[in-house]
Amino acid sequence: MSKNSDLRDATYVGIRTDGTRILRPKSPHLQVYDMLQITSGLSIGARITGCAWTVGLIFMVWWLAAAASGPDAFADVQWFLGSFLGLLVLFGLSAAAWFHTLAGLRHLAWDFGYGCGMPAVHRTGRAVLIGTAVMTVLTWLVAIIAWA
């Protein structure tokens, strides 16, 4: 007699890259990804930063609605965005913007068949991470210089 109580469960047996047998989940789930792999981490990061963009749009709509509502409402939003928490949110959103953009360009190159080999995948993955850090810092340097 099989250990599986349902015959459909037998189709969900898998083998990891190290050879160990696992039961795969019935739908995509984070437990099937090795989070220490750059490919899995960047893929999940691209999804998370896409969600962060949605939060950023909420802040942008709030800012635009306040600008249309009058000087008092606009001053309140400007106060929040100028506070430590607001600047932290804006910094995070700019980092998410750069990561999502650079990861999207990487995926676009893959769509055209460029950089699909594993060495290129790892090289471009590191480039996305380094590019995100550099471009975020440059963006804030320019913003601070223009702001002053």
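Predicted model, so just to flag it, every value in this text is computed and none were measured.

## Quick notes on the confidence of the model for the protein chain
Per-residue pLDDT for the protein chain has a mean of 87; in total, 84% of the residues score no lower than 70. Mean pLDDT per element in the protein chain: strand E1 (residues 13-15) is the minimum at 75, and helix H2 (residues 71-82) is the maximum at 96.

## Focus: the packing of helix H1 (residues 38-69) against H2
For the pair H1 and H2, the least separation of the axes is 7 Å and the interaxial angle reads 145°. Residue-level contacts link Phe-59, Trp-62, Trp-63, Ala-66, Ala-67 and Ser-69 of H1 to Ala-73, Phe-74, Val-77, Gln-78, Phe-80 and Leu-81 of H2. Looking at side-chain class alone, the contact of H1 with H2 contains 10 nonpolar, two polar and no charged residues.

## Regarding the packing of H2 against helix H3 (residues 84-111)
Running from amino to carboxyl end, H2 crosses H3 at an angle of 75°, the nearest separation of the two axes being 4 Å. What the angle tells us is that H2 and H3 run roughly perpendicular. Residues Phe-80, Leu-81 and Gly-82 of H2 touch H3, and the partners they reach there are Phe-84, Leu-85, Gly-86, Leu-87 and Leu-90. The residue makeup of the contact of H2 with H3, split by class, is six nonpolar, two polar and no charged.

## Some points on helix H4 (residues 118-147)
Helix length check: H4 (30 residues) gives 43 Å between terminal C-alpha atoms against 44 Å at 1.5 Å per residue, within 8%. Within H4, the full set of buried residues consists of Ala-120, Val-121, Gly-125, Val-128, Gly-131, Thr-132, Thr-136 and Trp-140. Turning to H4, the residues buried within the fold contact H1 and H3.

## Details of a nonpolar patch on the surface
On the surface, a nonpolar cluster with roughly 570 Å² of combined accessible area is contributed by Ile-130, Val-134, Val-137, Leu-138, Leu-141 and Ile-145. If you trace the backbone, Leu-138 turns up in helix H4.

## Things to note about the nonpolar core
Ile-38, Leu-42, Ala-46, Phe-99, Ala-103 and Val-128 form the largest nonpolar core, which has six residues in total. When residues of this core are traced back to their parent elements, those giving at least two are H1 and H3. Looking at this core, the element that brings in the most residues is H1, giving three residues. Residue contacts for Val-128: discarding those within four places in its chain leaves Phe-99, Leu-102, Ala-103 and Arg-106.

Conventions and cut-offs
Residues numbered from 1 in each chain as written. Predicted model: local features only at pLDDT ≥ 70, side-chain atom pairs only at ≥ 80, totals over all residues. Heavy atoms only, no water. pLDDT = per-residue confidence, 0-100. Helix = DSSP H or I, 4+ residues; strand = E, 2+ residues; numbered from the N terminus. Axes fitted to C-alpha atoms, helices over the stretch in contact; angles between N-to-C directions. Contact = heavy atoms within 4.5 Å. Nonpolar A, V, L, I, M, F, W, Y, C, P; charged D, E, K, R; others polar. Parallel < 35°, antiparallel > 145°, perpendicular 65-115°, else oblique. Expected span 1.5 Å × (residues − 1). Buried < 20%, exposed > 50% of the residue type's maximum accessible area, 1.4 Å probe, protein only. Patch = residues over 30% accessible without salt bridge, like charges linked within 9 Å, V, L, I, M, F, W, Y side chains within 5 Å. Areas by Shrake-Rupley, 256 points an atom, 1.4 Å probe, with all protein chains shown as cover. Salt bridge = Lys/Arg side-chain N within 4 Å of Asp/Glu carboxyl O. Core = buried A, V, L, I, M, F, W, Y, C linked by side-chain atoms within 4.5 Å.

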